[in-house]
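In case you want the letters, here they are:
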Amino acid sequence: MTIRLTALLGLLYALGFALFGVSLAKPAGAERTQAVVVLTGGSGRLERGMAVLGRGEAKRMLVSGADPSVTRADLARRLGPGTLLTLNCCVDLGSEAVDTRSNAEEARRWMVRRGYDSVRLVTSDWHMRRAAYEFRQDLPDTKIVEDAVQTRPSLWLLFLEYNKYLLRRGALWLDM
């Protein structure tokens, strides 16, 4: 009986992992939100957030989890000199977050201060499921549009992210 139960749990885990890997988040359409929050840590995220602002799909952007030493001028050097005006008018750098959970907390505080109730969440496709889960926990009454930057994650990265997602969901379940 124990062997069968272990085999069943292993099969469920493997099927869940396969589903996790083949159902990565996709880029969002042109849906408008009041804010866009970009989580640092992956290529293409800042560029996607700036494109959202440039198309007028959000009013303001928070870059959550930025290193405290990073300035708007640093971002302009990375993104191109034509971005400095947008960076100065419409981008806030948040340096309080150190992980996905604190990204959501930092975003909640920022959104409450500004009175926003809709957000476009920008992160990598492999990270979106857990990030969106954290944002929904912290911002339950907020409309969240998932806007994933497509990547080619390694199997190992997917494995690590799947386990983090399961552990976080399990931790909340145990708290109930």
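Residues numbered from 1 in each chain as written. Predicted model: local features only at pLDDT ≥ 70, side-chain atom pairs only at ≥ 80, totals over all residues. Heavy atoms only, no water.

A separate point is the overall build of the protein. Scanning the protein for helices and strands turns up 7 helices and 5 strands. Taken from N to C terminus, the helices and strands of the protein fall in the order α-β-α-β-α-α-β-α-β-α-β-α. Oriented by its inertia axes, the alpha-carbon framework of the protein measures out at about 65 × 35 × 30 Å. Looking at the 176 residues of the protein, the share that counts as buried comes to 43%. Looking at the protein alone, contacts between residues at least 24 apart form 78% of all its contacts between residues at least 6 apart. As presented, the protein carries roughly 9900 Å² of accessible surface, and 59% of it is formed by carbon and sulfur atoms. Side chains of the protein give 25 positive and 19 negative charges; the mean places of these two sets differ by 3 Å. (Helix = DSSP H or I, 4+ residues; strand = E, 2+ residues; numbered from the N terminus. Buried < 20%, exposed > 50% of the residue type's maximum accessible area, 1.4 Å probe, protein only. Contact = heavy atoms within 4.5 Å. Areas by Shrake-Rupley, 256 points an atom, 1.4 Å probe, with all protein chains shown as cover. Lys, Arg positive; Asp, Glu negative; His and termini not counted. Charge placed at Lys NZ, Arg CZ, Asp CG, Glu CD.)

Strand order in the open sheet made by the 5 strands is 3-2-1-4-5, with parallel pairing throughout. Here the strands that pair on one side only, and so sit at the sheet edges, are strand 3 (91-94) and strand 5 (143-149). Going across the sheet, the axis of each strand differs from the next one's by a mean of 20 degrees, ignoring polarity. In the sheet, strand 1 (residues 35-39) pairs with strand 4 (residues 118-124) via 4 bridges, with the strands oriented parallel. Its bridge partner being in strand 4, Ala35 is matched across the sheet by Val119. Strand contacts of helix 2 (residues 45-54): strand 1, strand 2 (60-64), strand 3, strand 4 and strand 5, with the helix running at about 170 degrees to strand 1, the strand carrying the most contacts. (Pairing = 2+ DSSP bridges. Axes fitted to C-alpha atoms, helices over the stretch in contact; angles between N-to-C directions.)

Looking at where Arg60 falls in the secondary structure, it is placed in strand 2. Residue Arg60 is classed as buried on the basis of its relative accessible area, which comes to 14%. Of the polar contacts made by the side chain of Arg60, one reaches the side chain of Asp92; its length is 2.8 Å. If near-sequence neighbours (up to four positions away) are discounted, Arg60 is found in contact with Gln34, Ala35, Val36, Leu53, Cys89, Cys90, Val91, Asp92, Trp110, Arg114 and Tyr116. (Polar contact = N/O pair within 3.5 Å; in protein donor to acceptor, adjacent residues only side chain to side chain.)

In this section: helix 2. Within the sequence span of helix 2, burial applies to Arg45, Leu46, Gly49, Met50, Val52 and Leu53. All buried residues of helix 2 fall inside an arc of 155 degrees around its axis, so they share one side. (Arc of directions from axis to C-beta.)

Bringing the state of the cysteines into the picture now. For the coordinates displayed, the defined rule picks out 1 disulfide. At a sulfur-sulfur separation of 2.1 Å, the disulfide partner of Cys89 is Cys90. Its torsion about the S-S bond being -75 degrees, the disulfide of Cys89 and Cys90 is classed as left-handed. (Disulfide = S-S within 2.5 Å.)

UniProt feature "domain: DUF218" (unreviewed entry): in the numbering of this structure it lies at residues 34-138. Counted over residues 34-138, helix gives 51% and strand 20%. Its end C-alpha atoms are 17 Å apart. (UniProt positions renumbered as here; feature names shortened; annotations may be inferred.)

Structurally, Tyr165 is set in helix 7 (residues 155-175). Tyr165 gets classed as buried once you look at its relative accessible area, which sits at 13%. Taking the C-alpha atoms as reference points, Tyr165 and Val149, separated by 16 residues in sequence, lie 18 Å from one another. Setting aside anything within four residues of it in sequence, one finds Tyr165 in contact with Phe20, Arg129, Arg130 and Tyr133.

Okay, the packing of helix 5 (residues 100-114) against helix 6 (residues 125-138) next. Put simply, helix 5 and helix 6 touch, their axes get as near as 9 Å, and they point 45 degrees apart. Taken as axis vectors, helix 5 and helix 6 run oblique relative to one another. The element helix 5 and its partner helix 6 pack so that their crossing is right-handed. The segment helix 5 lies against helix 6, with Thr100, Arg101, Asn103, Ala104, Glu105, Ala107 and Arg108 engaging His127, Arg130, Ala131, Glu134, Phe135 and Asp138. Along the lines of polarity and charge, the residues of the contact of helix 5 with helix 6 split into 4 nonpolar, 3 polar and 6 charged. (Parallel < 35°, antiparallel > 145°, perpendicular 65-115°, else oblique. Left-handed = near helix turned anticlockwise from the far one by under 90°. Nonpolar A, V, L, I, M, F, W, Y, C, P; charged D, E, K, R; others polar.)

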